Amino acid sequence: MNKRPLFGADSNALTWLIIINAVVFVLLNFIKIIYYLTDTPIAFFDTQILNWWVLSNNPDTFITRPYTLLIHMFTQISVFGVIANMLWLWMFGFILQDLTGNRKLIPIYLYGGIVGGIVFVASTNIFSGFAMGTPYLMGAGASVMAVAVATTTLAPDYRLFQMIN
């Protein structure tokens, strides 16, 4: 029996992660376009919409919006950021699914994003006197990095280009 799921299969975790990221990206940018078309200042988009989706480094804001620890890893505004993250996720996620099956990808993705968010909040509050950083975290960077680290840890000698010596 073939344990490797096909990319277009309904139960493929990699496909669902890419779809969720793409839908949230399109939704947020559609709302941002509406703000541009109505001549509403773009700062209102940041305060009225985006602040509810990103992980704030302010502990008071984080306590009132704990769900942002989960949804910040699906929130992306930059076109190049979402393309880069989804390409890396597709590449390393496909290899991870090939090696371990379909069930490990989503937990690794979610745990990586949660740990990345906790490290962000803790480090920006501990080291806040040293440098001014961004006041919020968004994007799939930590989650994709967790998938990449899990893949390379599991199979450090995996060859991407098998025809090249």
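Every value quoted in this text rests on a predicted model; they were computed, and no experiment measured them.

Parameters at a glance
Residues numbered from 1 in each chain as written. Predicted model: local features only at pLDDT ≥ 70, side-chain atom pairs only at ≥ 80, totals over all residues. Heavy atoms only, no water. Axes fitted to C-alpha atoms, helices over the stretch in contact; angles between N-to-C directions. Helix = DSSP H or I, 4+ residues; strand = E, 2+ residues; numbered from the N terminus. Parallel < 35°, antiparallel > 145°, perpendicular 65-115°, else oblique. Left-handed = near helix turned anticlockwise from the far one by under 90°. Contact = heavy atoms within 4.5 Å. Nonpolar A, V, L, I, M, F, W, Y, C, P; charged D, E, K, R; others polar. Expected span 1.5 Å × (residues − 1). Buried < 20%, exposed > 50% of the residue type's maximum accessible area, 1.4 Å probe, protein only. Arc of directions from axis to C-beta. Core = buried A, V, L, I, M, F, W, Y, C linked by side-chain atoms within 4.5 Å. Phe/Tyr/Trp six-rings, centres within 6.5 Å; stacked < 30°, edge-to-face > 60°. Patch = residues over 30% accessible without salt bridge, like charges linked within 9 Å, V, L, I, M, F, W, Y side chains within 5 Å. Areas by Shrake-Rupley, 256 points an atom, 1.4 Å probe, with all protein chains shown as cover. Salt bridge = Lys/Arg side-chain N within 4 Å of Asp/Glu carboxyl O.

Student: Is there a simple way to explain the packing of helix H6 (residues 105-126) against helix H7 (residues 141-154) in this structure?
Tutor: Packed helix pairs are specified by the crossing angle of their axes together with the interaxial distance, meaning the distance between the axes. In the contact formed by H6 and H7, the axes pass within 7 Å of each other and the chain directions differ by 125 degrees. Relative to H7, H6 is oriented oblique. The two elements H6 and H7 meet at a crossing, and its hand is right-handed. Mapping the contact onto sequence places Leu105, Ile108, Tyr109, Gly112, Gly113 and Gly116 in H6 and Ala142, Ser143, Val144, Ala146, Val147 and Ala150 in H7. Tallied by class, the residues present in the contact of H6 with H7 amount to eight nonpolar, four polar and no charged.

Student: Looking at this structure, I do not really get H6. What am I missing?
Tutor: The α-helix winds at 3.6 residues per turn, so residues separated by three or four positions along the chain end up facing the same way. Between its terminal C-alpha atoms H6 stretches 31 Å, which fits the 32 Å expected from 22 residues at 1.5 Å a residue. Burial in H6 covers these residues: Leu105, Tyr109, Gly112, Gly113, Gly116, Gly117, Phe120, Val121 and Thr124. The buried residues of H6 occupy one face: seen down the axis, they fall within an arc of 160 degrees. Exposed residues on H6 whose side chains face more than 90 degrees from its buried face are Tyr111, Val115 and Ile126. On its buried face, H6 sits against helix H1 (13-37), strand E1 (55-56), helix H4 (68-71), helix H5 (79-100), strand E2 (136-137) and H7.

Student: Where do I start with the nonpolar core in this structure?
Tutor: A general trend in soluble globular proteins is that nonpolar side chains are found buried together. Counting residues in hydrophobic clusters, the biggest one holds 26 residues, and the most contacted among them are Leu89, Leu105, Tyr109 and Val147. Here this core takes eight residues from H1, the largest share from any one element.

Student: Please explain unusual backbone geometry as it appears in this structure.
Tutor: In this model, Asp39 sits at a positive phi of 60 degrees, which is unusual for a non-glycine residue. By secondary structure assignment, the location of Asp39 is in the loop between H1 and helix H2 (42-48).

Student: For this particular structure, what's the right way to read the packing of aromatic side chains?
Tutor: Aromatic rings considered in pairs are described by the distance between their centres and by the relative angle of their planes. Inspection of the entire model under this criterion finds three aromatic pairs. Here the aromatic rings of Trp88 and Phe92 are separated by 5.6 Å at their centres, their planes lie at 10 degrees, and the arrangement is stacked. Of this pair, Trp88 and Phe92 both sit in helix H5, separated by four residues, roughly a single helical turn. Taking the relative accessible area as the measure of exposure, Phe92 reaches 14% and is therefore buried.

Student: How should I be thinking about a nonpolar patch on the surface in this particular structure?
Tutor: A surface patch of nonpolar side chains, amounting to about 630 Å² of accessible area, comprises Val79, Phe80, Ile83, Leu87, Trp90 and Phe94. Accessibility expressed as a relative area gives 70% for Phe80, which makes it exposed.

Purely spatial values, then, with no claim about function.
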